[in-house]
Amino acid sequence: MGNLLTMGDLSAEEIKKILADANNFSKDEGWAPNQSAFIANLFFEPSTRTKSSFEMAERKLGLQVIPFEANTSSVLKGETLYDTVKTLQSIGLSAVVIRHEKDRYFDELSNINIPIINGGDGCGHHPTQCLLDLLTIHQEFGSFTDLNIAIIGDILHSRVARSNSEALMRLGANVCFSGPPEWFDRQIIANGSYLPIDEAIQTADVVMLLRIQHERHQEHLQLTKQQYHEQYGLTIAREKSMKPDSIIMHPAPVNRNVEIASALVECGRSRIFKQMENGVYVRMAVLKRALQTPMEREMEYVIID
Ligand code: CP
């Protein structure tokens, strides 16, 4: 139906098709649905990038954006997520984007008949962040095969780590992990390796830092911000040991001088703001996929790489 809930919904060919479409959108290529389309963005967790770049993508595609604010909706009167989305389907919405604090919130929406695009579910998945990261990496290196990707930080609570590691390994990259042992996730790192941070940074083509997800922590790590930075962050000294052509990524928001030295956020090898720009193009491509019929999608089959 055009749902995008986890990266597991997409074959490698579909991922490449979305990246090709996003690349075309970055070059101002246009696309419009066959008929008027109405979209709502349901964000039950805070967001700057994902929410505003979805809205930008929707407006660039000429879609009708129906305002929805969780804190003024009937959710406050106890309406369930299912009844909220069913209501929006009933009044004629074409698709919805949802971010929710509950892992796999979408399992309770299996009877909804309009496409659902996951804007992040708890510690679960963040497929559009993954796709914009893939686009950024592909623009840089032209392929994923045999690239060394180091994912560093709060792996246990990170939906970005889960979506990215799964997709990158499937596309042929070598993924290693680093960070505080308290934040390992055996499931996520099962098919990758664990390296001490200095080794991970020296061998990586992509150093992908993760935000510390304080809001999801049951107990505090016994480290100050400065201790975390020194032990697990990308310090000025560590950046000097990176390979000449390797790049820095972070999904943001960034905790400056914790996960990464503030001076490195906009340094020459940082792609952090490029990732945000790419978010608009990738979300245009994901919305296009959601609003096309299966036959329209089949007819546009393209392979990059
Ligand atoms: N990267 C990301 O998801 O940012 P927001 O939480 O601001 O949407």
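Per an unreviewed UniProt entry, the chain goes by Aspartate carbamoyltransferase and derives from Perspicuibacillus lycopersici. The record in UniProt for the chain states the following under Function (unreviewed entry): "Catalyzes the condensation of carbamoyl phosphate and aspartate to form carbamoyl aspartate and inorganic phosphate, the committed step in the de novo pyrimidine nucleotide biosynthesis pathway." Note on the chain: under the UniProt heading Subunit (unreviewed entry), the record states "Heterododecamer (2C3:3R2) of six catalytic PyrB chains organized as two trimers (C3), and six regulatory PyrI chains organized as three dimers (R2)."

Colleague: Could you give an account of the UniProt feature "domain: Aspartate/ornithine carbamoyltransferase carbamoyl-P binding" (unreviewed entry) in the chain, with specific residues and numbers?
Modeller: Taking the numbering used here, the UniProt-annotated feature "domain: Aspartate/ornithine carbamoyltransferase carbamoyl-P binding" (unreviewed entry) corresponds to residues 3–139. As annotated, residues 3–139 comprises 36% helix and 15% strand, and the C-alpha atoms at either end are separated by 26 Å.

Colleague: For the nonpolar core, give the residues involved together with the corresponding values.
Modeller: Core analysis: the biggest nonpolar cluster contains 78 residues, and Val96, Ile149, Ile151 and Val207 have the highest contact counts within it. It is helix α10 (residues 272–291) that contributes the most residues to this core, ten residues altogether. Residues lining this core come from more than one domain, with at least three contributed by each of domain 1 (7–126 + 276–299) and domain 2 (128–275).

Colleague: Talk me through the packing of helix α4 (residues 127–141) against α10; I want residue IDs and the actual numbers.
Modeller: Each pair of packed helices gets described by two things: the angle between the helix axes and the distance between those axes. Running from amino to carboxyl end, α4 crosses α10 at an angle of 115 degrees, the nearest separation of the two axes being 8 Å. By crossing handedness, the relation of α4 to α10 is classed as right-handed. Along its contact with α4, which presents Thr128, Leu131, Leu132, Asp133, Leu135 and Thr136, the element α10 presents Lys274, Gln275, Asn278, Gly279, Tyr281, Val282, Arg283 and Val286. A breakdown of the residues in the contact of α4 with α10 according to their chemical character gives six nonpolar, five polar and three charged.

Colleague: Could you give an account of the pairing of strand β8 (residues 206–209), naming the residues involved and the relevant values?
Modeller: Burial of the side chains of β8 extends over both faces: Val206 and Met208 are buried on one face and Val207 and Leu209 on the other. As defined by bridge partners, strand β5 (residues 148–152) adjoins β8 across four bridges and the pair is classed as parallel. Note that in β8 the partner of Ile152 across the bridge is Leu209. Inspection of the sheet shows β8 paired to strand β9 (residues 247–249) by three bridges, in the parallel sense. Looking across to β9, one finds that Val206 is bridged to Ile247.

Colleague: Run through the sheet that holds strand β1 (residues 38–43), naming residues and quoting values.
Modeller: Strand pairing in a sheet relies on backbone hydrogen bonds, with the paired strands running either antiparallel or parallel. On the basis of which strands lie adjacent, the open sheet formed by four strands has the order β2-β1-β3-β4 and parallel pairing. At either end of the open sheet lies a strand with only one pairing partner, and these are β2 (64–66) and β4 (116–121). With strand direction ignored, the average angle separating the axes of adjacent strands in the sheet is 20 degrees. Two strands pair when backbone bridges link them, and strand β3 (residues 95–100) and β4 are joined in this way by four bridges, in the parallel orientation. Across the sheet, residue His100 finds its bridge partner in β4, namely Asp121.

Colleague: Tell me about the domain arrangement of the chain, residues and numbers included.
Modeller: Each assigned domain of the chain is listed here: domain 1 (7–126 + 276–299) and domain 2 (128–275). Computed over C-alpha atoms only, the centres of domain 1 and domain 2 are separated by 26 Å. Secondary structure elements with two or more residues in the side of domain 1 that touches domain 2: α1 (12–26), α2 (49–60), β4 and α10. Among the elements that line the side of domain 1 that touches domain 2, the one with the most residues is α10, at eight residues. By residue class, the composition of the side of domain 1 that touches domain 2 is eleven nonpolar, nine polar and four charged.

Colleague: Give a description of the packing of α4 against helix α5 (residues 159–170) that names residues and reports values.
Modeller: At a minimum axis distance of 8 Å, the contact between α4 and α5 shows a crossing angle of 50 degrees. Looking at the two axes, α4 sits oblique to α5. Judged by the sense of rotation from one axis to the other, the crossing of α4 with α5 is right-handed. On the side of α4, the interface is formed by Pro127, Gln129, Cys130, Asp133 and Leu134, while α5 contributes Val160, Ser163, Asn164 and Ala167. A class-by-class count of the residues in the contact of α4 with α5 yields five nonpolar, three polar and one charged.

Colleague: Now, about the site of the ligand: what can you tell me, with residues and values included?
Modeller: In the region of the ligand, the neighbouring residues are Ser47, Thr48, Arg49, Thr50, Gly120, Gln129, Pro251, Ala252 and Pro253. Class assignment of the residues belonging to the shell around the ligand gives a composition of three nonpolar, five polar and one charged. Mapped onto the domain boundaries, the shell around the ligand takes at least three residues apiece from domain 1 (7–126 + 276–299) and domain 2 (128–275).

Colleague: Describe the environment of His157, naming the residues involved and giving the relevant values.
Modeller: Within the element layout of this structure, His157 appears in the loop between β5 and α5. The class for His157 is buried, based on 22 C-beta atoms found within 10 Å. Distance from His157 to Ile212, taken between C-alpha atoms, is 8.3 Å for residues 55 residues apart in sequence. Beyond its immediate chain neighbours, meaning those up to four positions away, His157 contacts Cys123, Gln213, Arg216 and His217.

Colleague: Just give me the short version of the pairing of β1, but keep the residues and values in it.
Modeller: Looking at chain direction, β1 and β2 are connected through three bridges and run parallel. Looking across to β2, one finds that Phe38 is bridged to Gln64. Crossover β1 to β2 through α2 is right-handed. As paired strands, β1 and β3 are joined by five bridges and run parallel to one another. Within β3, the position partnered with Phe43 by the bridge is Arg99.

About the thresholds
- Residues numbered from 1 in each chain as written.
- Predicted model: local features only at pLDDT ≥ 70, side-chain atom pairs only at ≥ 80, totals over all residues.
- UniProt positions renumbered as here; feature names shortened; annotations may be inferred.
- Helix = DSSP H or I, 4+ residues; strand = E, 2+ residues; numbered from the N terminus.
- Core = buried A, V, L, I, M, F, W, Y, C linked by C-beta atoms within 7 Å.
- Buried ≥ 20, exposed ≤ 12 C-beta atoms within 10 Å, placed from the backbone.
- Domains from an automatic or database assignment.
- Axes fitted to C-alpha atoms, helices over the stretch in contact; angles between N-to-C directions.
- Left-handed = near helix turned anticlockwise from the far one by under 90°.
- Contact = placed C-beta atoms within 7 Å.
- Nonpolar A, V, L, I, M, F, W, Y, C, P; charged D, E, K, R; others polar.
- Pairing = 2+ DSSP bridges.
- Parallel < 35°, antiparallel > 145°, perpendicular 65-115°, else oblique.
- Near = placed C-beta within 6 Å.
- Right-handed = clockwise from strand over helix to strand, strands pointing away.

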